[in-house]
Each structure stands twice: as structure tokens, then as C-alpha cells.
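Commentary on secondary and tertiary structure
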Amino acid sequence: MFIYIKYDTDGFITAYQNTEADGITAGDYKAITGEAYVAPTTQATTTSTTN
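Residues numbered from 1 in each chain as written. Predicted model: local features only at pLDDT ≥ 70, side-chain atom pairs only at ≥ 80, totals over all residues. Heavy atoms only, no water.

With that settled, the discussion passes to the overall build of the protein chain. A count of helices and strands for the protein chain gives 1 helix and 2 strands. Along the protein chain, from the amino end to the carboxyl end, the secondary structure elements read β-β-α. Of all intrachain contacts in the protein chain linking residues separated by at least 6 positions in sequence, the fraction that spans at least 24 positions is 11%. (Helix = DSSP H or I, 4+ residues; strand = E, 2+ residues; numbered from the N terminus. Contact = heavy atoms within 4.5 Å.)

With the rule as written, the count across this model stands at 1 aromatic pair. Summarising the aromatic geometry, the rings of tyrosine 29 and tyrosine 37 are spaced 5.6 Å apart at their centres and angled 75° between planes, so their arrangement reads as edge-to-face. (Phe/Tyr/Trp six-rings, centres within 6.5 Å; stacked < 30°, edge-to-face > 60°.)

Time to look at the confidence of the model for the protein chain. Looking at the protein chain as a whole, the pLDDT averages 77, with 73% of positions reaching at least 70. Put simply, strand S2 (residues 13-19) is where the protein chain has its lowest mean pLDDT, 79, and helix H1 (residues 26-33) is where it has its highest, 83. (pLDDT = per-residue confidence, 0-100.)

Attention now moves to a nonpolar patch on the surface. There is a patch of nonpolar side chains on the surface, built from Ile3, Ile5, Tyr7, Ile13 and Tyr16 and spanning about 520 Å² of accessible area. Among the secondary structure elements, those contributing two or more residues to the nonpolar patch are strand S1 (2-7) and S2. The leading source of residues in the nonpolar patch is S1, at 3 residues. Looking at the element boundaries, tyrosine 16 is found in strand S2. (Patch = residues over 30% accessible without salt bridge, like charges linked within 9 Å, V, L, I, M, F, W, Y side chains within 5 Å. Areas by Shrake-Rupley, 256 points an atom, 1.4 Å probe, with all protein chains shown as cover. Salt bridge = Lys/Arg side-chain N within 4 Å of Asp/Glu carboxyl O.)

Before going further, it helps to spend a moment on the environment of isoleucine 13. With respect to the helices and strands, the residue isoleucine 13 is situated in strand S2. Note on isoleucine 13: relative accessible area 52%, which makes it exposed. Non-local contacts of isoleucine 13, meaning those with residues more than four positions away in its chain, are made with Ile5, Lys6 and Tyr7. (Buried < 20%, exposed > 50% of the residue type's maximum accessible area, 1.4 Å probe, protein only.)

Further remarks concern the environment of tyrosine 4. Structurally, the position occupied by tyrosine 4 is in strand S1. A residue is classified by how much of its surface remains accessible, and tyrosine 4, at 23% relative accessible area, is partly exposed. Once you skip the residues sitting within four places of it in the chain, tyrosine 4 turns out to touch Ala15, Tyr16, Gln17, Ile32 and Thr33.

Here's what the structure looks like:
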């Protein structure tokens, strides 16, 4: 389940959506927010030490 709440600059709710789903697509995100989804471009690095 996804619950999406969007607020304006004064803190009032401007959009609310409760969706039963296994995931959200880029198309779903744009339909809800009106903005295109931009995937993160950085990836966390991990360090492994072997003795």
C-alpha cells in the first residue's frame, strides 16, 4: 500500500492518494505528482576487507 500526500508551501494538503499496489512506476509517480521521476544517479560504495 502506498499513501501519497502532497503539501503546499503553507502546509495544507493539496493531494492525497491511497493506492493498493506492489510497487510504483515512473508513470504512476508522474500521475500523482505531476513531475517526472528522476532516478538517483549515485550509488553507495562499499568497502570489503579480507584477511
